[in-house]
Amino acid sequence: MDASHVVGLDIGTSSVKASVWDTAKEQIVLQLSEGYPASFDHQGQVRQDPEAIYEAVVGILKNIVATLEKQASGFKSFIVVLDTALHSLLFLNKEMNPISDIIPWMDTRADAIAVDILRSKYCSEIHKRTGCPVDSVYPLYKIIWFVKNDASLMNAVGKIAATKDYLLYRLTGEHVIDYSVASGSGCLDTSKRTWADDLLLELAGVSSAKFPTVVSPSQVLKPVNNIQEIFKSYNSEIAFLVGISDAAASSIGTTCYDFDAFTISMGTSAAIRRMCKSPFNDSNVPNEGIWCYIVDEETYIIGMAMRSGGCVIDWWLKNFLQSNDYDEITNALRSMLIHDQEISTESMLPIFIPAVYGERVPRWIPDRAGAFIGFKGATTINDATKSVMQGIAFNLKRVFESVKNYFNSHDNGSFRVVATGGMCQIENWLGLLASVINCSMTVRESKYDASVGLIMFYLKDRASAVFRAMSANSCIISPDRKISLHCNSAYSKWLNEMISIEKNIYAKYGLNYYL
C-alpha cells in the first residue's frame, strides 16, 4: 500500500505517543499523546489494564484521522507502525481474551525465581542464547513464577502474550509478534530467531506453541472490520506494520542508524544503548547485565538499563516534596551548577542509593532498595533533593562506563552521545549529567523521538530526510570541567557504597557467579 501518511505509534509504559508524517509534504504534520495508569502494591506487583491501553491506541487513531480530515478533506491512506515497551506479560484464554492484567517490567514478584536461576547451570546459557542476562524484569521469570504460584490461572491459559501481540491481535486479528520485542522477553533464541523451546519446557514447563508467531518487523497486516470502518467513515484506509520495540525505535529516532552513537534514554526508567551489526557470540558475552536485543534483519542494540529514572524523581516529588511540579527539583539542580556558592559544599551531601524500585546496574540482584547514607542534623530537604538527582546521575554514569567499556573492547573507541526522553525536559538536569559523565551530549528534547524513529524505520531509504526535519531543535550540552572534577570525587565515594551493598547481597545469596 502506498501510504499518504505514515503514523509512528509509540506505546510506552505510561502513554501512547503518535507522530504523523505526510509523505507528499515530507514533514511531520501532527503529534499527540494519551496516558494510562499502572497500579503498584507493596508486594512488588504491578498491573496495567490491557483494555485501557487498547482504548488509548484506538482513541489516538480516531483523533489522528479526524484531525487530518478537518485540516484537508479527501482520500488518505495510513500505514501505522507500532512499537511497545519491552518486557511485558499478559495471559489470554483460548478465546484470546485477557485473564490477567498486563504485567510490565517494573513488577518484581519473580525476584526469588531469578535468584534460583542465577545459581543454576542455566545462568550463562540464557544470557548467551537469548541476549538477556538473568533478571526478574524479563517475562521468562514471571512465567515461571505463575507456574509455581498460580496453577489455576496457568491451566486456563490459551496464549502467553505481550502488549505488542495483544494489540496487534485486537487491531488485525493476527496473533504475531516481531522478533524485536520478542528478543526482550528472555524467551527467544536470538541467533535462530525462534522461541527457545527447550529452555521454556525445562524451566517453566510451557510449550512455545502457547506463544505468538514470531515475524519480521516489516510484515504488513490488514485491519479488522471495526478498525477498518472507523477509517472508511473518514474516507481513508489503514494498514499496520508489525514494527519494533520502543528501545529500537528510540535508537533509530535519535541517531538515524549512526553506529558510533550512544543513546542515553531517560524516561520512567533509563537505558544507554548503541546500535550494531552483530549480536553476542560465544567469545563476547559480557559478565555484566548488558543485554543484546534485535532491531531488524540486519541490526541489533546492545546496552544496559536501570530502573532508577524518572520514576524515582516522581516518587521523591510525591512522597517527600508533596508536589506535582518540578520547581524544587530544578532549583536544586540550578544551585548545584553554581560553582562559587555550592561546589565546596556538595561533597557534604548525603549519598543517595537510587534503587527505590530495585536495580539492574551493573547486573540484577535481589533485595536492592533505596537509601540515604550520611544524614546529619544540618541536612535539609533541599540537600536530600540534590542527593536524589546526584544519585540518579551517578547511576547513569555507571551504566555509561559499562556499556562504553564493552564497545571499546570491540572497536576503535570513537563515539558520540545523544540524550533523549522525558527527563531531558527537566531544567538544568542535562547540565549536571554532562558534567557527571564528563562528555558533551547532543540533546533531542522531543518526547516523540521513538514515534519518529518508527517512521524512519518504515521509510529507511528516506530516514535521513525525516531525521533532518526533526533535528532542527537539537542542541549540544557540554560538561563544566570544574564540576566534573568535583563529581569524580563524589562519584568514587558513591560507587564504593554501592559496591559494598552489592557484595553483601551477593554473599547473602551465595552468588559466586557475580563475586
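Whatever comes next refers back to the structure up there.
Residues numbered from 1 in each chain as written. Predicted model: local features only at pLDDT ≥ 70, side-chain atom pairs only at ≥ 80, totals over all residues. Heavy atoms only, no water.

### Quick look at the sheet that holds strand 21 (residues 416-420)
Part 1: Here we have seven strands laid out as an open sheet, ordered 17-18-16-15-21-22-23, and mixed in their pairing. At either end of the open sheet lies a strand with only one pairing partner, and these are strand 17 (291-294) and strand 23 (475-477). With strand direction ignored, the average angle separating the axes of adjacent strands in the sheet is 30 degrees.
Part 2: Alignment of strand 22 (residues 441-443) against strand 23, held across three bridges, turns out to be antiparallel. Across the sheet, Val-443 pairs through a bridge with Cys-475, a residue of strand 23. (Pairing = 2+ DSSP bridges. Helix = DSSP H or I, 4+ residues; strand = E, 2+ residues; numbered from the N terminus. Axes fitted to C-alpha atoms, helices over the stretch in contact; angles between N-to-C directions.)

### Topic: the environment of Asp-282
Part 1: Take Asp-282: it is sitting in the loop between strand 16 (270-276) and strand 17.
Part 2: On the accessibility criterion, Asp-282 (66% relative accessible area) is exposed.
Part 3: Each C-alpha atom of the pair Asp-282 and Lys-128 lies 7.0 Å from the other, and the pair is 154 residues apart in sequence. (Buried < 20%, exposed > 50% of the residue type's maximum accessible area, 1.4 Å probe, protein only.)

### Focus on the side chain of Thr-299
Part 1: Mapped onto the elements of the fold, Thr-299 is located in the loop between strand 17 and strand 18 (300-306).
Part 2: Classification of Thr-299 by relative accessible area gives buried; the value is 0%.
Part 3: Those residues in contact with Thr-299, other than ones at most four positions away along the chain, are Phe-259, Met-275, Cys-276 and Ile-294. (Contact = heavy atoms within 4.5 Å.)

### A look at the packing of aromatic side chains
Part 1: For the structure shown, the criterion picks out 21 aromatic pairs.
Part 2: Here Tyr-491 and Trp-494 contribute two aromatic rings whose centre-to-centre distance is 5.7 Å and whose plane-to-plane angle is 25 degrees, an arrangement assigned as stacked. Linking Tyr-491 with Trp-494, this pair stays in helix 18 (residues 481-509), spanning three residues, or about one helical turn.
Part 3: Tyr-491 sits in the buried class, given a relative accessible area of 9%.
Part 4: For Trp-494, a relative accessible area of 1% gives the class buried.
Part 5: A connected cluster of aromatic rings, assembled from ring pairs, spans Phe-262, Phe-280, Phe-400, Tyr-406, Phe-407 and Phe-415.
Part 6: When the ring centre of Tyr-179 is taken as origin, the NZ or CZ atom of Arg-193, which lies over that ring, is 4.7 Å away.
Part 7: One residue, Arg-360, lies across the ring of Tyr-138, its end atom 5.5 Å from the ring centre. (Phe/Tyr/Trp six-rings, centres within 6.5 Å; stacked < 30°, edge-to-face > 60°. Lys NZ or Arg CZ within 6 Å of the ring centre and 35° of its normal.)

### Brief notes about the pairing of strand 2 (residues 15-22)
The two faces of a sheet get side chains in turn, since along a regular strand they alternate between them.
Part 1: For strand 2, the buried fraction is high: eight of the eight residues fall into the buried class.
Part 2: The two faces of strand 2 match: Ser-15, Lys-17, Ser-19 and Trp-21 on one face and Val-16, Ala-18, Val-20 and Asp-22 on the other face are all buried.
Part 3: One ladder, built from seven bridges, connects strand 1 (residues 5-11) with strand 2; its direction is antiparallel. When the bridges of strand 2 are listed, Gly-8 appears paired with Ser-19.
Part 4: In this antiparallel pair of consecutive strands, strand 1 and strand 2, the connection spans three residues.
Part 5: Relative to strand 3 (residues 27-35), strand 2 is paired through eight bridges, and the arrangement is antiparallel. When the bridges of strand 3 are listed, Val-20 appears paired with Leu-30.
Part 6: Counting the residues that bridge the hairpin from strand 2 to strand 3 gives four residues, and of these Glu-26 lies at a positive phi of roughly 50 degrees.

### A few points about the nonpolar core
Part 1: By size, the foremost hydrophobic cluster in this structure holds 146 residues, and its most contacted members are Tyr-141, Met-266 and Trp-429.
Part 2: Among the elements that take part in this core, helix 14 (residues 381-408) stands out by supplying 12 residues, more than any other.
Part 3: Look past the residues within four positions of Met-266 in its chain and what remains in contact with it is Leu-396, Ala-419, Thr-420, Gly-421, Gly-422, Met-423, Cys-424, Trp-429, Leu-430 and Leu-433.
Part 4: Counting 41 residues, the second largest nonpolar core, distinct from the first, contains Phe-78, Leu-90, Phe-231 and Ile-238. (Core = buried A, V, L, I, M, F, W, Y, C linked by side-chain atoms within 4.5 Å.)

### Quick look at empty space enclosed by the protein
Part 1: Here the structure, examined in full by the defined rule, presents five cavities of 30 Å³ or more.
Part 2: In this structure, the largest cavity spans a volume of roughly 130 Å³.
Part 3: Lining the largest cavity are 18 residues, with Ser-88, Ala-161, Ala-162, Ser-185 and Trp-195 sitting closest to its centre.
Part 4: Among the secondary structure elements, those contributing two or more residues to the lining of the largest cavity are helix 4 (139-149), strand 8 (159-161) and helix 7 (179-182).
Part 5: The class makeup of the residues in the lining of the largest cavity is 13 nonpolar, four polar and one charged.
Part 6: What the second largest cavity holds in volume is close to 100 Å³.
Part 7: What lines the second largest cavity is a set of 13 residues, among which Gly-12, Gln-48, Ala-85, Ser-88 and Thr-163 lie closest to the centre.
Part 8: Here the lining of the second largest cavity is built from residues that sort into seven nonpolar, six polar and no charged. (1 Å grid on protein atoms, 1.4 Å probe; cavity = no way out; pocket = protein on both sides within 12 Å on 5 of 7 lines; lining within 4 Å. Points joined across faces, edges and corners; volume = space filled by probe spheres on them. Nonpolar A, V, L, I, M, F, W, Y, C, P; charged D, E, K, R; others polar.)

### A short note on the packing of helix 10 (residues 246-255) against helix 16 (residues 449-458)
Part 1: Direction vectors running N to C along helix 10 and helix 16 enclose 80 degrees, while the axes themselves pass 7 Å from each other. Here helix 10 lies roughly perpendicular to helix 16, going by the angle between them. Only Asp-449, Ala-450, Gly-453, Leu-454, Met-456 and Phe-457 of helix 16 make contact with helix 10, whose side of the interface consists of Asp-246, Ala-249, Ser-250, Ile-252, Gly-253 and Thr-254.
Part 2: Among the residues making up the contact of helix 10 with helix 16, the classes are represented as six nonpolar, four polar and two charged. (Parallel < 35°, antiparallel > 145°, perpendicular 65-115°, else oblique.)

### Some remarks on the packing of helix 14 against helix 15 (residues 429-437)
How two helices pack is summed up by the angle between their axes together with the distance between the axes.
Part 1: Running from N to C, helix 14 and helix 15 point in directions that differ by 45 degrees, and their axes come no closer than 9 Å. Relative to helix 15, helix 14 is oriented oblique. Judged by the sense of rotation from one axis to the other, the crossing of helix 14 with helix 15 is right-handed. On helix 15, the residues that touch Met-389, Ile-392, Ala-393, Phe-394, Leu-396, Lys-397 and Phe-400 of helix 14 are Trp-429, Leu-432, Leu-433, Val-436 and Ile-437.
Part 2: Considered class by class, the residues forming the contact of helix 14 with helix 15 number 11 nonpolar, no polar and one charged. (Left-handed = near helix turned anticlockwise from the far one by under 90°.)

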